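# Close look at the chain arrangement
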Amino acid sequence: MTAVWSGLSIGAVYALVAIGYNLVFIAYTTFNFAHAQLMMFAVFVTYWGLVVAELPVVLIFLIAAVGIGLIALVEEFIAIRPVKGIHAHLVTTLGMATLVDGVTRLIWGDQVLKVPATGSDATLTLFGGRVSAVELTLIAVVIVITVALTGYGRRSRTGLALLAMAEDREAAQLRGINVGRLALGAFVFTGVLAGLTGPLVGPKTFAVATLGAALALKGFVAVAIGGFGSLPGALIGGFVVGLVEALSGRWLGSQFPTIMVFVVLILILVLKPTGLFGTTRERMV
């Protein structure tokens with residue numbers, strides 16, 4: 001059961017990245033491949049705030065949220081807005097990811113830095129397995145975020161407008177929705193969300209300059225498993241990736257986790273090409 005808790009907690013991190021991917025996909029019908037790097041930067045900001053500057057925890061959350069939100073705002077203006085199409089955005093957002101990776105290395109270097117927990121770091125025995133308070137918090141937070149965003153998307157005017165944009169951007173614009181401002185707000189929100197969750201992710205992943213690339217890969221697999229544009233799918237996809245990693249590492253050996261993740265991905269896509277929660281759109285020609 002300890003491996004299951006470990007898998008669910010690292011799966012929660014992948015799910016957070018996948019949620020960021022999906023929110024941008026809903027707003028722009030494209031992907032922000034630098035989202036994982038934004039979360040990585042928030043983890044490093046948390047390390048700086050807790051270990052170097054010794055700031056209060058509330059102030060660290062605030063600095064991370066505002067700082068990463070501003071970086072996302074800059075990214076939207078330099079990497080998303082000037083170009084059109086998913087292929088162009090693939091190049092520009094990967095460029096932004098490389099830039100964030102390079103800045104992180106310049107500031108903090110390549111060493112692995114331990115990030116202290118922002119709350120309790122106690123370890124509990126639950127359902128026969130050992131799990132830390134940090135891991136339980138991660139699992140609970142990603143579930144709450146998914147439920148809250150899904151409910152907001154279905155019941156609020158802003159959420160319904162975003163869903164309308166995802167279905168047909170031009171039709172939404174004709175109905176009076178300010179698609180540019182709404183999409184920008186969604187993009188910046190994903191940065192703020194990455195900043196707010198960075199202090200929770202850091203104690204689980206540590207702060208290391210390769211973290212962004214690792215989270216990007218597994219986060220994208222979680223999106224593919226769960227279905228593009230589905231927030232519940234991102235949650236389940238993240239948990240599936242985390243559990244497959246942890247259980248295959250526990251029972252098959254340390255060289256198998258990544259292999260088994262892609263085996264599961266291929267099996268799911270063969271059985272359901274749109275992912276577990278993905279849907280196929282029909283268009284009249």
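Please refer to the structure higher up on the page.
A short tour of the structure in this document, coming up. Predicted model, so just to flag it, every value in this text is computed and none were measured. (Residues numbered from 1 in each chain as written. Predicted model: local features only at pLDDT ≥ 70, side-chain atom pairs only at ≥ 80, totals over all residues. Heavy atoms only, no water.)

## Points about the packing of aromatic side chains
Where we set the bar: Pairing of aromatic rings covers Phe, Tyr and Trp, the last counted by its six-membered ring, and requires centre-to-centre distances within 6.5 Å; plane angles under 30 degrees mean stacked, over 60 mean edge-to-face, and any other angle means tilted. Burial classes follow relative accessibility: with a 1.4 Å probe on protein chains only, a residue under 20% of its type's maximum area counts as buried, one over 50% as exposed, and anything between as partly exposed. The rule for a charge over a ring is simple: NZ of Lys or CZ of Arg within 6 Å of the ring centre, and within 35 degrees of the ring normal.
The final tally for this structure, using the stated rule, is 14 aromatic pairs. Ring geometry for phenylalanine 220 and phenylalanine 228: centres 6.0 Å apart, planes at 55°, overall tilted. For phenylalanine 220, a relative accessible area of 29% puts it in the partly exposed group. Ring-pair connections join several aromatic residues into one group, and the members of that group are Tyr21, Phe25, Phe31, Phe33, Phe220 and Phe228. Directly above the ring of tryptophan 251 sits arginine 250, whose terminal nitrogen or CZ lies 4.3 Å from the centroid.

## Notes on the packing of helix 3 (residues 57-80) against helix 4 (residues 86-108)
Under the convention used in this document: All axes here are fitted lines through C-alpha atoms, helices being fitted over the stretch that makes contact, and every angle between N-to-C directions spans 0 to 180 degrees. Labels follow the DSSP assignment, with helices taken as runs of H or I lasting at least four residues and strands as runs of E lasting at least two, numbered in each case from the N terminus. Here is the rule for angles: anything less than 35 degrees is roughly parallel, anything more than 145 is roughly antiparallel, 65 through 115 is roughly perpendicular, and the remaining ranges are oblique. In this scheme the handedness of a crossing depends on how the near helix is turned from the far one: anticlockwise by less than a right angle means left-handed, clockwise means right-handed. Residue contacts are counted whenever heavy atoms from the two residues lie within 4.5 Å of one another. The classification used treats Ala, Val, Leu, Ile, Met, Phe, Trp, Tyr, Cys and Pro as nonpolar, Asp, Glu, Lys and Arg as charged, and all other residues, Gly among them, as polar.
Packing of helix 3 against helix 4 leaves a shortest axis separation of 10 Å and a crossing angle of 140°. Taken together, the axes of helix 3 and helix 4 are oblique relative to one another. Between helix 3 and helix 4 lies a crossing whose hand is right-handed. On helix 4, the residues that touch Ile71, Glu75, Ile78, Ala79 and Ile80 of helix 3 are His89, Thr92, Thr93 and Met96. The residue makeup of the contact of helix 3 with helix 4, split by class, is 5 nonpolar, 3 polar and 1 charged.

## Things to note about the environment of alanine 117
Counting through the fold element by element, alanine 117 comes out in the loop between helix 4 and strand 1 (123-126). For alanine 117, a relative accessible area of 24% gives the class partly exposed. In sequence terms alanine 117 and lysine 204 are 87 residues apart; their C-alpha atoms lie 8.7 Å from each other. Setting aside residues up to four positions removed in sequence, alanine 117 forms contacts with Val134 and Pro203.

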